Amino acid sequence: MPVEGVAANGHLLAVSNLTKLFGSFAACNGINLQIEQGEIHALLGENGAGKSTLVKMLFGVLAPTAGEILWQGQSVRIANPAAARKLGIGMVFQHFSLFEALTVAENIALSMDANISLAKVAEEASRLSHAYGLPLDPKAHVADLSVGERQRIEIVRALLQNPRLIILDEPTSVLTPQEADRLFETLYKLKAEGRSVLYISHRLEEVQRICDRATVLRHGKVTGACDPKAETPSSLARMMVGSDVAAVTAEGTSAKGEVQLEARHLTVPARTPFAVSLKNICLKVHAGEVLAIAGVAGNGQGELFDALSGEYPVGDDSAVQIRQRPVGTRNINARRLMGAGFVPEERHGHAAVSALPLSDNLVLARSRSDAKAFLGGGFLKIIRRDAVTSATKRISEAMDVRKSGEDPPAGSLSGGNLQKFIVGRELDRQPSVLVVNQPTWGVDAGAASRIRQALVDLAKAGSAVLVISQDLDEIFEVATEIAVISDGRLSDPYPAQELSREKIGLLMGGMYGKTEGTEGAHAH
Amino acid sequence: MRIELEKRAKVSTLFSILSPFIAFLLTIIFGGIMFALLGKNPVMALYSFFVEPLSEVWSLHELAIKAAPLILIAVGLSVCFRSNNWNIGAEGQFIMGAIAGSILPVVLYDWQSPLVLPLMMLMGMLGGALFAAIPAFLKAHMNTNEILTSLMLVYVAQLFLDWLVRGPWRNPGGMNFPETRTFAVDAILPEMIASGRTHWGFAFAIIAAVLVWFMMRYTLKGFEISVLGQSERAGRFAGFSSRRMIWFSMLLSGAFAGLAGISEVSGAIQQLRPVISPGYGFTAIIVAFLGRLNPLGIVAAGLVLALTYLGGEAAQLSIGVSEKVTRVFQGLLLFFVLSCDTLIHYRIKLVFDRLTATNSEGSR
């Protein structure tokens, strides 16, 4: 289903001087961007660079403060998503908007004109999905589908409008490598038909692989427009973060020591209807070792962290062992006192309280383990401000935390700087066991490399480090051993050198030894 | 056209301090307009409402008597509210504290001892705390909403008191009036200062305010309260238990409300009657917020709200308006405090461009 060519000067979409202010903060500041017909155009940038704000303006979700949008050479004003669709712009959001209780066809029909029959929608959706290599059963209920299949519904929904430009917001962040490969096939097909794709990502490798051109944003401004295939990952990263990214060196890891952290047949029922139950998880982390647990989000990583940290103790005392002592029923502070440190995934509202200053956030994690240093006044437990302030300063210097002022609220720091502080807060204690969930999630490349180096160094110094991560690049950078979690089950660990990305991808899809992807499991 | 609230990039420190004062000023202006519409001279009316009660020594004592329970209850509530536990039933805990504290002077009226008074105060605190333990238990273990349970228990306490003073505790020598015996001298909270009626309940309120202020400002417990109030998950990460915090904050505020109740009965009324509070437990919620949940701010706010009670009585006498005008002023004050706080954090923006109306369809 090829589309007709663009008249006149060629640009399908051009944006000039587009600006969006939130109060006095410029989320997008004078953005210029051209998208040609039939190209896959990458929009690269760190978290908070202004990518989402830009595409929301293109899709009519946000109104620009200033600037112009040209669609096929005509100045247009996109008042709402319906207007965007009418022009021929389709969008697939990072977070899906699907009703789980409805079928695929019903979900698609909801976004169409009311006067088209459901049978017709189902037929059309089924035809389109097969034509683009996105097999979907229109009668399946969304609740039964995997994340990758749900994403297909969103893509088919966008394609039904016969768009000229499709915007995809971080589409692979929820996919296994195999699912991502399939998506790329679809994108090539769309391109061959003369459609354009605006592809938002911060995964450099993907962008290099599939995109024809890239526009790089940083702090709301365009910092580069290039052919990604002509660049190296580090030159792209440089455009994104504005400075060279130090490579993490994992060589020379010391020999394995004793087991410091162990889970023995750890089984935890799901706490809420949306949680994942942990099923018979066994793992061992030796001193001097970094065990990385790979997996697609929502496969039990959070639950595993909760059980290992003791935020939610488990019933069986011997199921979790720290330094060869059973701690399953003990709480998080008891485990900290035994030399363990913990870094949760969510920075705001879990690892830190955004409105409280950094020094208070230091007390948050260490009020018990450092009671001698930080508390005075006997049973009154008066917080010793001088000790806390100097420790905050020490950590900020050690981890190069950039902040405005002496002791600003945690919420005022950028994600990367806050994460450096949160990791530094644990490293400062020199823990013999460190459990980290998504150490560099949504963190800029500079901070990420610093944090990863710190984890490697900690293991080298003789601690046991457990890293739970969705980022394969990160896992290969830091891990000595790798295991994969899928639906609450943990695979055997493999030495990092022996494991290919392909194999991890299969394990992530829950395939232990088989070769086919995740398809078929939900077919009706 | 539509009105948007746009978050301010920076919150003015000056205005967050001035906010309660601006709110008070606006309350006076609108109160004046209200008096004018009622056909009274607004200047005279406001004078008799806000100034006259401050002009004489005896009325200053009345102010302290009215402020004491407000401050004591509001200080306890501030701990609850800061830890995200919404105890709305302080009125009931006030009454149950008064009842529990009155067991000695009403039932064991023969026992005369210097121990009576301290025991009464302790039993008052215990009564309030036990009554607050009901919504605490229901929230901590049954996951019920404490706003509803604590509020509904207020009516239970009110009706229980009503039944007691008309039934088993009615004064046998009281001509069938629904009230208990008057307390013996040993059971009466003495006056603090020679010049008037202010009893030791006022001192309790000030001491409680200072202690809670110290706790919130300097100790790990205060830190725990504010962390759990802002993020339960972060509190769990710190090893703090939100369930224990429900118990702590509810029992503390219940005990303070109970102490306020028995102090009021022992110091000011000196017997139990069907109604012993003009809504102190509810007005204390306004006091807590007007004082920005800061115990020292609450002392000032308690005095202001106490003035509205006195002003209502004064206005009824001197200009002949209903004493319900007290409620109007309390409502105005709360409204303006909340409005000022909103405008400190947000600015109002009028948007005239109808084309830019945002539509978030499909955005999440």
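Small disclaimer: the values here were computed from a predicted structure and weren't measured. (Residues numbered from 1 in each chain as written. Chains lettered and ligands numbered in written order. Predicted model: local features only at pLDDT ≥ 70, side-chain atom pairs only at ≥ 80, totals over all residues. Heavy atoms only, no water.)

Focus: the side chain of histidine 41 of chain A
Residue and element names in this part refer to chain A. Note on placement: histidine 41 falls in strand E3 (residues 40-45). The class of histidine 41 is buried, set by a relative accessible area of 1%. One polar contact links histidine 41 to glutamate 39, side chain to side chain, over a distance of 3.0 Å. (Helix = DSSP H or I, 4+ residues; strand = E, 2+ residues; numbered from the N terminus. Buried < 20%, exposed > 50% of the residue type's maximum accessible area, 1.4 Å probe, protein only. Polar contact = N/O pair within 3.5 Å; in protein donor to acceptor, adjacent residues only side chain to side chain.)

Some words on the environment of leucine 62 of chain A
Within the fold, leucine 62 of chain A resides in the loop between helix H1 (51-58) and strand E4 (66-71). For the pair leucine 62 of chain A and arginine 218 of chain A, spaced 156 residues apart in sequence, the C-alpha separation works out to 20 Å.

Things to note about the pairing of strand E8 (residues 196-201) of chain A
All names here are of chain A. Counting buried residues along E8, 6 of its 6 residues qualify, which places the element largely inside the surrounding structure. In this structure, E3 lies alongside E8, joined through 5 bridges in parallel fashion. Pairing of leucine 44 across the sheet is with serine 201, part of E8. Pairing of strand E7 (residues 165-169) with E8 involves 5 bridges; the strand directions are parallel. Looking at the pairing, isoleucine 166 lines up with valine 197 of E8. (Pairing = 2+ DSSP bridges.)

A few points about the environment of glycine 30 of chain A
Residues and elements named next belong to chain A. In this structure, glycine 30 sits in strand E2 (residues 25-36). The partly exposed category is assigned to glycine 30, whose relative accessible area is 22%. When the C-alpha atoms of glycine 30 and threonine 19 are compared, they prove to be 5.0 Å apart, with 11 residues separating the residues in sequence. Discounting residues that sit within four places of it in the chain, glycine 30 has contacts with Asn17, Leu18 and Thr19. (Contact = heavy atoms within 4.5 Å.)

A look at the domain arrangement of chain A
For chain A, the domain assignment lists domain 1 (11-241), domain 2 (254-339 + 433-524) and domain 3 (350-430). Here domain 1 of chain A and domain 2 of chain A have C-alpha centroids that lie 32 Å from each other. (Domains from an automatic or database assignment.)

Comments concerning the packing of aromatic side chains
Any pair of aromatic rings gets described here by the distance separating the centres and the angle formed by the planes. One pass over the full model with this rule turns up 20 aromatic pairs over all chains. Measuring from centroid to centroid gives 6.0 Å for phenylalanine 160 of chain B and tryptophan 163 of chain B, while their planes differ by 25 degrees, and the two rings are stacked. Remark: tryptophan 163 of chain B and phenylalanine 160 of chain B occur in helix H7 (residues 146-166); sequence separation between them is 3 residues, near one turn of the helix. Sitting over the ring of tyrosine 312 of chain A, arginine 271 of chain A keeps its end group 3.5 Å from the ring centre. Stacked on the ring of tyrosine 312 of chain A, the Lys or Arg arginine 236 of chain B has its end atom at 3.8 Å from the ring centre. (Phe/Tyr/Trp six-rings, centres within 6.5 Å; stacked < 30°, edge-to-face > 60°. Lys NZ or Arg CZ within 6 Å of the ring centre and 35° of its normal.)

Description of the sheet that holds strand E15 (residues 325-326) of chain A
The pairing of strands in a sheet comes from backbone hydrogen bonds and takes either a parallel or an antiparallel form. The 4 strands lie next to each other as E12-E11-E14-E15 (chain A), forming an open sheet whose pairing is antiparallel. Lying at the two open borders of the sheet, with one neighbouring strand each, are strand E12 (278-286) and E15 of chain A.

Some thoughts on the packing of helix H8 (residues 201-218) of chain B against helix H9 (residues 220-230) of chain B
All names here are of chain B. Two numbers describe how H8 lies on H9: the axes approach to 5 Å, and their chain directions differ by 75 degrees. The angle between H8 and H9 places the two elements in the roughly perpendicular class. In contact with Met215, Met216 and Tyr218 of H8, H9 contributes Leu220, Lys221, Gly222 and Ile225. In the contact of H8 with H9, the residues fall into 5 nonpolar, 1 polar and 1 charged. (Axes fitted to C-alpha atoms, helices over the stretch in contact; angles between N-to-C directions. Parallel < 35°, antiparallel > 145°, perpendicular 65-115°, else oblique. Nonpolar A, V, L, I, M, F, W, Y, C, P; charged D, E, K, R; others polar.)

Here's the deal with a nonpolar patch on the surface
Residue and element names in this part refer to chain B. A grouping of Ile103, Val107, Leu108, Trp111, Leu115, Leu119 and Leu122 is seen on the molecular surface, where their side chains present a nonpolar patch of about 610 Å² in accessible area. When contributions to the nonpolar patch are tallied by element, the ones reaching two or more residues are helix H5 (103-107) and helix H6 (116-142). Along the polypeptide, leucine 119 turns up in helix H6. We classify leucine 119 as partly exposed; its relative accessible area is 32%. (Patch = residues over 30% accessible without salt bridge, like charges linked within 9 Å, V, L, I, M, F, W, Y side chains within 5 Å. Areas by Shrake-Rupley, 256 points an atom, 1.4 Å probe, with all protein chains shown as cover. Salt bridge = Lys/Arg side-chain N within 4 Å of Asp/Glu carboxyl O.)

Considerations on the pattern of salt bridges
Evaluation of the coordinates by the stated rule reveals 32 salt bridges over all chains. Notably, a salt bridge pairs aspartate 181 of chain A with arginine 209 of chain A, separated by 2.7 Å at the nearest N-O pair. Of this pair, aspartate 181 of chain A sits in helix H6 (residues 177-192) while arginine 209 of chain A sits in helix H7 (residues 204-210), and the two are 28 residues apart along the sequence. Linked by salt bridges that have partners in common, Arg271, Asp306 and Glu311 of chain A together with Arg233 of chain B make up one network.

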